[in-house]
Amino acid sequence: MGLEVCVLASGSSGNCTYVSSGGSALLVDAGLAARDIIKRLEEIGSGPGKLDAILISHSHTDHFRSAGTLFARYGVPVFTARETLRAIDHKPACGSFWRVSGCRDFPDRVGDISITTFPVPHGGRDAGRPVGFLFESDGRRLGHVTDCGQMPRKGLELLRGADALVLEANYHEAVLRHKLRDPAFAAYWPYLRWVDSPTGHLSNQQCAQVLRQVLSERTRAVFPAHISENHYDARRDNNDFATASSVVMMAVAELGLGTRICRTYRKERTPGKRSEVVRLA
Ligand SMILES: [Zn+2]
Ligand SMILES: [Zn+2]
């Protein structure tokens, strides 16, 4: 059947993406409350009992929050890099993660989904060893990268020609740089400088730049992801979906491709709306 993908939520308040081949299913990250993940899985005809794995990209809470609950209640195996596991273990508040036992390094495959990981620069030691993913099943390929200060060459190589991409578009450079000059935001400057750094997050413009290098006629869908917070306070917000997707769309248009930009929602999604399910058959 190929691959099916749905970004259940994405943003610094919680991240979780569903990936399925029909025969096997996994989550990339489990950063929402377990009840929200379960509800969103059920909305798309799946459920926690149908999951074969949870892959944790790195050790920030918005990515691992309820992995322990899903493991303890439904026995879903949890995988992450050794360094990430160690970093989570050292956190004073690790949520439900203490309930996870037998956590192992990323497998090469989960059922009929093959998995390739590659390191991405993000955060300090508190982040563990952040990774991006390439999933493949039945000849279909899905790339998934969020929380990445700059895309490494290995990532560009692996993502080139993917059928779909979940790719970070975290902030709008002009807005963030304006804030870095405005003393009203001085309290946020250390954080904003980190966001803008090579170990922070990918901006809308950096996302578009990556797309210019990896998109091909094969690429059917791009999900702009991990769009920055403060959406409801325009003075503090760095970004929103419309802004991010318009920048991303420009890269697609320049290349003359028919790639679709797919809607993603933060945890606080618009009531009644759900993220799109994209099937790569
Ligand atoms: Zn994050
Ligand atoms: Zn992070």
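Check the entry above for the structure.
Nothing here was measured: the structure is a model prediction, and the numbers come from that model.

(A) Region of interest: the nonpolar core. Val-145, Met-151, Leu-167 and Leu-211 are the most contacted members of the largest nonpolar core, which totals 30 residues. Listing elements by their share of this core, those giving two or more residues are helix H5 (153-159), strand E10 (164-168), helix H8 (204-214) and helix H9 (241-255). A total of six residues in this core trace back to one element, the largest contributor, which is H9. Apart from the residues within four sequence positions on either side, Leu-167 is in contact with Val-145, Met-151, Leu-202, Cys-207, Val-210, Leu-211, Phe-223, Pro-224 and Ala-225. The next biggest cluster of nonpolar side chains, apart from the first, holds 28 residues, and it includes Ile-44, Phe-64, Ala-67 and Phe-71.

(B) Expanded view of the sheet that holds E10. Strand order across the open sheet formed by seven strands is E6-E7-E8-E9-E10-E11-E12, with mixed pairing between neighbours. With partners counted over all chains shown, the strands left at the sheet margins are strand E6 (109-110) and strand E12 (260-261), one partner each. The pairing of strand E9 (residues 140-145) with E10 spans four bridges and is classified as parallel. For Leu-142, the partnering residue across the bridge sits in E10 and is Ala-164. Sitting on the sheet, H8 is in contact with E10 and strand E11 (221-225), with an inclination near 155° to E10.

(C) Examining the coordination of the zinc ion (ligand 1) more closely. For the zinc ion (ligand 1), the full set of protein donor atoms is Asp-62 (OD), His-63 (NE2), Asp-147 (OD) and His-226 (NE2), and the range of their distances to it is 2.1 to 2.3 Å. In terms of primary sequence, the donors binding the zinc ion (ligand 1) are separated according to D-H-x83-D-x78-H. In this structure, the zinc ion (ligand 1) is positioned 3.5 Å from the zinc ion (ligand 2), and both are ligated by Asp-147. Taken together, the positions of His-63 in helix H2 (residues 61-64) and Asp-147 in the loop between E9 and H5 put the pair 84 residues apart, joining distant regions of the chain.

(D) Highlighting the coordination of the zinc ion (ligand 2). Coordination of the zinc ion (ligand 2) by the protein is provided by His-58 (NE2), His-60 (ND1), His-122 (NE2) and Asp-147 (OD), with metal-donor distances spanning 2.2 to 2.4 Å. Metal-centred angles of 92 to 170° between the four donor atoms at the zinc ion (ligand 2) mark the site as irregular. Spacing between the donor residues of the zinc ion (ligand 2) along their common chain follows H-x1-H-x61-H-x24-D.

(E) Up close: the environment of Met-1. As for its position among the elements, Met-1 is in the segment before strand E1 (3-9). On the basis of relative accessible area, Met-1 is assigned to the partly exposed category, the value being 47%. Setting aside residues up to four positions removed in sequence, Met-1 forms contacts with Ser-20, Ser-21, Gly-22, Asp-138, Leu-280 and Ala-281.

(F) Spatial organisation of the packing of aromatic side chains. Summed over the entire model, instances satisfying the criterion amount to five aromatic pairs. Between the aromatic rings of Phe-133 and Phe-135, the centroid separation amounts to 5.5 Å while the plane-to-plane angle is 10°, which identifies the pairing as stacked. The exposure class assigned to Phe-133 is buried, which follows from its relative accessible area of 1%. When its relative accessible area of 0% is taken as the criterion, Phe-135 is described as buried.

(G) Structural context of the packing of H8 against H9. Contact geometry for H8 and H9: axes closest at 9 Å, N-to-C directions at 25°. Overall, the two elements H8 and H9 adopt an arrangement that is roughly parallel. Classified by chirality, the crossing of H9 by H8 is right-handed. Across the interface between the two elements, Asn-204, Gln-205, Cys-207, Ala-208, Leu-211 and Arg-212 from H8 touch Thr-243, Ala-244, Val-247, Val-248, Ala-251, Glu-254 and Leu-255 from H9. Of the residues assigned to the contact of H8 with H9, the class counts are eight nonpolar, three polar and two charged.

(H) Up close: the pattern of salt bridges. On inspection of all chains with the given rule, the structure shows nine salt bridges. Across the salt bridge formed by Arg-279 and Glu-4, the nearest N and O atoms sit 2.7 Å from each other. Residue Arg-279 is located in strand E13 (residues 277-280), and its partner Glu-4 is located in strand E1; the two are separated by 275 residues in the primary sequence. Among the residues examined, Arg-279 registers a relative accessible area of 48% and is labelled partly exposed. For the salt bridge of Arg-260 with Glu-276, the shortest nitrogen-to-oxygen distance reads 2.9 Å.

Rules used throughout
All residue numbers refer to positions counted from 1 along the written sequence of the respective chain. Here the convention is simple: chains get letters from A, ligands get numbers from 1, in the order in which they are written. With pLDDT at 70 or above as the cut-off, local features in this predicted model cover only qualifying residues; side-chain atom pairs require 80 or more to be listed or tallied, and sums for whole chains, interfaces and linings still use all residues. Water and hydrogen atoms were dropped before computing side-chain values, which therefore reflect all heavy atoms in the structure. We call a set of buried residues a nonpolar core when its members are Ala, Val, Leu, Ile, Met, Phe, Trp, Tyr or Cys and they connect through side-chain atoms within 4.5 Å of each other. Buried residues are those whose accessible area, probed at 1.4 Å on protein chains only, stays under 20% of the maximum for their type, while exposed residues exceed 50% and partly exposed ones sit between those limits. Secondary structure counts use DSSP, requiring at least four H or I residues in a row for a helix and at least two E residues in a row for a strand, with both numbered from the N terminus. Residue contacts follow a heavy-atom distance rule, with two residues in contact if any of their heavy atoms lie within 4.5 Å. Strands pair, by our definition, only if DSSP identifies at least two bridges between them. Each axis is a line fitted through C-alpha atoms, taken for helices only over the stretch in contact, and angles between the N-to-C directions span 0 to 180 degrees. Distances up to 2.8 Å from the metal define which N, O and S atoms are donors, and 3.2 Å serves for Na, K and Ca; water is absent from the atom set, so sites may look incomplete. All geometry calls rest on donor angles, where a four-donor set with angles between 85 and 135 degrees is tetrahedral, four- and six-donor sets with opposite donors more than 155 degrees apart and all others between 65 and 115 are square planar and octahedral, and all else is irregular. A pair of aromatic rings is counted whenever rings of Phe, Tyr or Trp (Trp by its six-membered ring) have centres within 6.5 Å, and the orientation is called stacked for planes under 30 degrees apart, edge-to-face for over 60 and tilted otherwise. Orientation is classified from the angle alone, with under 35 degrees giving roughly parallel, over 145 giving roughly antiparallel, 65 to 115 giving roughly perpendicular, and any other angle giving oblique. Two helices crossing with the near one rotated counterclockwise from the far one by less than a right angle form a left-handed crossing, whereas a clockwise rotation gives a right-handed crossing. Only Asp, Glu, Lys and Arg are considered charged in this grouping, and only Ala, Val, Leu, Ile, Met, Phe, Trp, Tyr, Cys and Pro are considered nonpolar; every other residue, Gly among them, is considered polar. The term salt bridge refers to a side-chain nitrogen of Lys or Arg lying within 4 Å of a carboxyl oxygen of Asp or Glu.

From the geometry alone we can't say anything about function, so treat these as descriptive.
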